[in-house]
Amino acid sequence: MSSSVYNVNKGINKAIEFKGIKAQYLMYFAVGLVVLMMTFIIMFLSGMPVYLCMSIIAILGYFLFSKVNKYSHQYGEFGLLKEAGYRQCPPSVCCRSRRKTFLELKKQL
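This write-up is about the structure you can find in this document. (Residues numbered from 1 in each chain as written. Predicted model: local features only at pLDDT ≥ 70, side-chain atom pairs only at ≥ 80, totals over all residues. Heavy atoms only, no water.)

What to know about the nonpolar core
Part 1 of the reasoning: In this structure, Ile21, Tyr25, Phe29, Leu36, Met43, Cys53, Ile57, Leu64 and Val68 together form the largest nonpolar core, which totals nine residues.
Part 2 of the reasoning: For this core, the elements supplying multiple residues, two or more each, are α1 (24–45) and α2 (50–75).
Part 3 of the reasoning: When residues no more than four places from it in sequence are discounted, the contact partners of phenylalanine 29 are Ile21, Leu64, Phe65 and Val68. (Core = buried A, V, L, I, M, F, W, Y, C linked by side-chain atoms within 4.5 Å. Buried < 20%, exposed > 50% of the residue type's maximum accessible area, 1.4 Å probe, protein only. Helix = DSSP H or I, 4+ residues; strand = E, 2+ residues; numbered from the N terminus. Contact = heavy atoms within 4.5 Å.)

Written as structure tokens, this is what we have:
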């Protein structure tokens, strides 16, 4: 029986990469796999046929891998976090009256 050896290379100041999936996407993939495993257990214990459970989990696992891989390649190491940060910023700051703004600041002090 042969054993497979998977190399996880991490150079200096480089993110961990495994099979093309980088950095925090490895955690997302691992959490997704745990959720799929729990879903399989719940489906199996509820009395569904094993082949139906395995086929549903295989399809969901394929979609999980494809989405995580897509996000990893699209956004890169920290791009998804930056995108979430950009969404929280307002598109513009509107100040109609300088006097009112400064009076409110003076009250706060």
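We are not done yet, so read on.
Topic: the packing of aromatic side chains
Part 1 of the reasoning: Tallied over the entire structure, the rule returns four aromatic pairs.
Part 2 of the reasoning: A centroid spacing of 5.7 Å and a plane angle of 70° characterise the contact between phenylalanine 29 and phenylalanine 65, whose relative ring orientation is edge-to-face. With phenylalanine 29 in helix α1 and phenylalanine 65 in helix α2, this pair connects stretches of sequence that are 36 residues apart.
Part 3 of the reasoning: Judged by its relative accessible area of 18%, phenylalanine 29 is buried.
Part 4 of the reasoning: We classify phenylalanine 65 as partly exposed; its relative accessible area is 34%. (Phe/Tyr/Trp six-rings, centres within 6.5 Å; stacked < 30°, edge-to-face > 60°.)

Description of the packing of α1 against α2
Part 1 of the reasoning: One can describe the packing of α1 onto α2 by two numbers: an axis separation of 10 Å at closest approach and a directional angle of 170°. Our classification of the angle between α1 and α2 gives roughly antiparallel. Handedness of the α1/α2 crossing: right-handed. (Axes fitted to C-alpha atoms, helices over the stretch in contact; angles between N-to-C directions. Parallel < 35°, antiparallel > 145°, perpendicular 65-115°, else oblique. Left-handed = near helix turned anticlockwise from the far one by under 90°.)

Quick look at the environment of phenylalanine 18
Part 1 of the reasoning: Among the secondary structure elements, phenylalanine 18 is positioned in strand β1 (residues 17–18).
Part 2 of the reasoning: Of the residues examined, phenylalanine 18 reaches a relative accessible area of 28% and is grouped as partly exposed.

Some thoughts on the environment of valine 68
Part 1 of the reasoning: By the element assignment, valine 68 lies in helix α2.
Part 2 of the reasoning: Between the alpha carbons of valine 68 and tyrosine 28 there is a distance of 7.4 Å; along the sequence they are 40 residues apart.
Part 3 of the reasoning: Leave out the neighbours within four places in its chain, and valine 68 touches Ile21, Tyr25 and Phe29.

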